[in-house]
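Overview (structure and organization)
These are the residues of each chain, in order.
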Amino acid sequence: MAKAAGQPRQRTTERRRRKSATIAVRVRWLKSSVIKALKNAEIREKLFAFLFWVCLLLSLTPLIFSFKGIFGSFAIAELLAVDAAPLPGWVADPKFSVFLTLAGLMASCAVALRIPTYILASLTPVVAAFLGLAEPAQPIFVPLTLAYCLLAFISLAIFGLRGRFLSPAVAIFAIFSFFDSAAIILLDTVHWISFNIFGGSILDSGSYEGFLPGYLLDDYGASIVDLISFFVLLVSLRFSVHLVNDNKQIAGTLWAERKNTREALISAVGMWWPLAVAFIVLTVWAYPKFDAFVENRTMTWLQNMLICEPANEMASDCIAYEPARATAVEFEPMMRVLVDYSAAQVESTANQAIQDIANLSIQTADDLKHTVYPILATKVLPERMPGTNTRGCRKLNIPCHGANGAKSLANSGYRRLRDPPLRALERQIENAYVFANGNVEAFRQETTRLIQQEVINYRVRANIAIDKTVYGLKLIAIFSFLYSLMVLIKTYGIAFSRVIFDYKSRYTLFALLAESDRAKGLFSSDRNIVAVHKNSPLILSPEEGLNYYIQGSRQVASGLSFPWPPFPFKGIRKRLFAKNYVMQFYNLTGGSSPDSVAMHFGAMERLISVKIRQGDRFVFDFPNVVAFSTGIKVKTFVTLSLHGLVFGKALYRIAEGEGVIIFYIEGEPTVLSADDYDSPEVRRDAKSLVAWRLDTPFRIQSKLTMAGLLASGYNIAKQDGGAAVIHNNQITNGSAKMGVARFVRTFLSPV
């Protein structure tokens, strides 16, 4: 009995011992990782580069959140046509101290990275800082604005040439900048639901301008359209640079064989022309017709809402606005009428607000300070733009829903232009309270003056909101065109690459994603780098000097581990589905008495370990990964070269550094080394590639017809050089099938 009673205590003690040991392993690993990172020159360089690009993007926010929009702010001729920029300012109002700090950080990073052109980019926030101090009426304002726009253009060019769109810096900037607009949209949606379903607001009213722009800028016109415009601009810049740089080498080869190239270009057009015809029909004929039809029906319904007709479909308290009757049934004129109607209501409620403040004059100044602001936030600048309350629509009444959507668009622009002046009014009221020094009448008079001035400014801001909406709709059409154009360029590149890399082609060209690393003398092809493991378990020993991340669902014997998400920003969606986003970390080299670990696998499974050395770059996909060692680096390889487009995409995941990466498949694999190549009879579906070295050459076999390009896909055959791991179950003798997912990625995505 005593022995049985002691067993639970012993198990508890053992659990505590293992938990303490696991914590000790984690602490040692974190400590060694931080020390190693601080001593690593490459990591320090990456941190400086990350900080520089984040600061560069932040230095462009006066343009991104400007009242004219990022493209409107580059309309310099309009700025020079007036003596001074109209209020509110041409660009958003930068905070002096914030932008001066950004300039200091950018200059420091430029010096640390030793790149002179980056120092030029650091002048952008310097000019922005002084622009924030200038008033539009001052003579220096226009020259500062011109200088800022010029430097912003240079900064954008530097990003286009040297930056990376798929980078942590851009991701962090996107999260912070979109958070502002996303929060406003979310809160507007909650307000709409609460009013229309619950009959009242479930949230307190107030300003939501407290996110990224609010910390950088004093006054601005945030718009989600401007943010999308900016990111489309970044994508377009990087797309153009990649298209040129990635095809320089092969362009020289094709130019040297101009006769064959001309025939290949014509052959590719014969395969690709239906996509071009579809593009022209949709953009030139179908879309404009559809847009005009929807605009006419929607604006007609909006006009009916404003003039309260037909009466049986409108609210009983609807007040007709007769000027809407004579307005053209088009988007912009109708939205201008909506602004006039809204401004008239604001003027009416503002007069009532002034009267309410006058009636409060018997209160103490301290009471007035807390009473006036709620009046401003509800009667002068209410939460919803006056005149944009939506009406109930039948489910299939599309024009009615469209009219409500137009009102919501106007209100969305109004909300983004409402919060900054509302906060400015709050600050002005507080200053007036301090300046009045207890004089109730002086405080009342100053508050009245501020209200009247804001009523005057309201019409300007409301028209700016409509400008933004009209501008946004035009940009959406432009973005759709650019997106389609990039897809067209990519798909023609696919057709052309299928022709020139075909196994019957007259060219001696192979499809390989990068120049041969062997030619650079980085490694020898004689060493074995790939091993296939058929017998479970696979032993990972500390004698190898490596620590491992292993998929958490795998059965592993021995060793202490803790969960950790390696490469947290890489392949998130695929890794979550493959259940290898969070993996178990095994520190085989850091303990006082390190143990080997045994990784078990099923009888039908095969584990493939690839030893990656300095200079190696292996293409892979996360769903096949079961483990990898520390020292492995995962990067996104972007290429718009014809070599890359033949595979139907521009983004590839590559592993580099020094270490081991372990894949698994069900069935038998084939390992092809540098000296192995497929005979002319062998054809493999591209999906059979588990992993391959970036410099591995392939020939392509596909049906060089219109139907073959759009429906059949392609097969591959490895040539002499490189290394590849092939899944044998995917060998085919005919042309591979084009699945839906592959079709969408190939023909409907620019990357």
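Residues numbered from 1 in each chain as written. Predicted model: local features only at pLDDT ≥ 70, side-chain atom pairs only at ≥ 80, totals over all residues. Heavy atoms only, no water.

**Some remarks on helix α7 (residues 123-133)**
Within the span of α7, buried status applies to T124, P125, V127, A128, A129, L131 and G132. Contacts from the buried residues of α7 go to α2 (41-59), α3 (61-64), β1 (93-94), α5 (96-113), α6 (116-121) and α8 (141-162). (Buried < 20%, exposed > 50% of the residue type's maximum accessible area, 1.4 Å probe, protein only. Helix = DSSP H or I, 4+ residues; strand = E, 2+ residues; numbered from the N terminus. Contact = heavy atoms within 4.5 Å.)

**What to know about the sheet that holds strand β18 (residues 689-693)**
Strand order in the open sheet formed by six strands is β13-β14-β11-β18-β21-β16, and the pairing between neighbours is antiparallel. Each edge of the open sheet carries a strand with a single partner, namely β13 (632-638) and β16 (669-672). Sheet twist, expressed as the mean angle between neighbouring strand axes with direction ignored, is 25°. Relative to strand β14 (residues 651-657), strand β11 (residues 618-620) runs antiparallel, the two being bridged by three bridges. Among the inter-strand pairings, V619 is bridged to a residue of β14, identified as I654. (Pairing = 2+ DSSP bridges. Axes fitted to C-alpha atoms, helices over the stretch in contact; angles between N-to-C directions.)

**Some points on the packing of aromatic side chains**
Applying the stated criterion across every chain yields a total of 19 aromatic pairs. A ring pair is formed by F165 and F231, whose centres lie 6.4 Å apart and whose planes are at 80°; its orientation type is edge-to-face. Of this pair, F165 sits in the loop between α8 and α9 (168-197) while F231 sits in helix α11 (residues 224-245); the two residues are 66 residues apart in sequence, bridging distant segments of the chain. In this structure, R554 is placed above the aromatic ring of Y664, and the distance from its NZ or CZ to the ring centre is 4.8 Å. Directly above the aromatic system of F622 lies the positively charged group of R575, at a separation of 5.0 Å from the ring centroid. (Phe/Tyr/Trp six-rings, centres within 6.5 Å; stacked < 30°, edge-to-face > 60°. Lys NZ or Arg CZ within 6 Å of the ring centre and 35° of its normal.)

**Here's the deal with α5**
For α5, which comprises 18 residues, the first-to-last C-alpha distance of 26 Å matches the rise-based estimate of 26 Å (1.5 Å per residue) to within 8%. Among the residues trailing α5, R114 stands out with phi positive, at a value near 60°. (Expected span 1.5 Å × (residues − 1).)

**Section: the environment of D340**
Residue placement: D340 occurs in helix α14 (residues 331-359). We classify D340 as partly exposed; its relative accessible area is 31%. With 123 residues separating them in the primary sequence, D340 and N463 have C-alpha atoms 8.9 Å apart. Filtering out sequence-adjacent residues up to four positions away, D340 remains in contact with Y321 and R459.

**Topic: the environment of A134**
Here A134 lies in the loop between α7 and α8. It is 9.9 Å that separates the C-alpha atoms of A134 and T145, two residues lying eleven residues apart in sequence. Excluding residues that lie within four positions of it along the chain, A134 makes contacts with I140, F141 and L144.

**Comments concerning the sheet that holds strand β7 (residues 561-564)**
Each strand in a sheet pairs with another by means of backbone hydrogen bonds, the pair being arranged parallel or else antiparallel. Taken together, the seven strands give an open sheet; going across it, the order is β3-β10-β15-β12-β5-β8-β7, and neighbouring strands pair in antiparallel fashion. Both edges of this open sheet fall to β3 (530-533) and β7, since each of them pairs with a single strand only. The sheet shows a mean angle of 25° between the axes of neighbouring strands, direction not considered. Note that strand β5 (residues 548-551) and strand β8 (residues 583-586) share four bridges and pair antiparallel. When the bridges of β8 are listed, Q551 appears paired with M583.

**Brief notes about unusual backbone geometry**
A cis amide bond links S536 to the next residue, P537, at an omega of 0°. In this fold, P537 is placed in the loop between β3 and β4 (538-540). Positive phi, close to 60°, is recorded for K579, a residue that is not glycine.

**Notes on the pattern of salt bridges**
If charged atoms from side chains of opposite charge come close, those side chains can pair. Overall, the coordinates contain ten salt bridges when judged by the stated rule. The shortest N-O distance in the salt bridge between D621 and K574 comes to 3.0 Å. Placement of D621 in the loop between β11 and β12 (625-629) and of K574 in helix α18 (residues 572-578) is noted, with a sequence separation of 47 residues between them. Salt bridges sharing common partners tie together K534, R606 and E668. (Salt bridge = Lys/Arg side-chain N within 4 Å of Asp/Glu carboxyl O.)

**Some remarks on the packing of α2 against α5**
Contact geometry of α2 with α5 gives a least axis separation of 9 Å together with a crossing angle of 145°. Regarding α2 and α5, the two cross each other, and that crossing is left-handed. Touching E45, F48, A49, L51, F52, C55, L56, L58 and S59 of α2 are F99, L102, L105, M106, C109, A112 and L113, all from α5. Taken together, the residues of the contact of α2 with α5 break down into 14 nonpolar, one polar and one charged. (Left-handed = near helix turned anticlockwise from the far one by under 90°. Nonpolar A, V, L, I, M, F, W, Y, C, P; charged D, E, K, R; others polar.)

**Considering the confidence of the model for the protein chain**
As a note on interpretation, predicted positions should not be read in detail where pLDDT is low. Scored by pLDDT, the protein chain comes out at a mean of 75, with 70% of its residues at no less than 70. Segment residues 73-89 is flagged for pLDDT under 50; beyond a separation of four residues in sequence, or across chains, it makes 36 contacts in the model. Segment residues 518-527: pLDDT under 50, and 19 contacts once partners within four positions in sequence are set aside and those in other chains are kept. (pLDDT = per-residue confidence, 0-100.)

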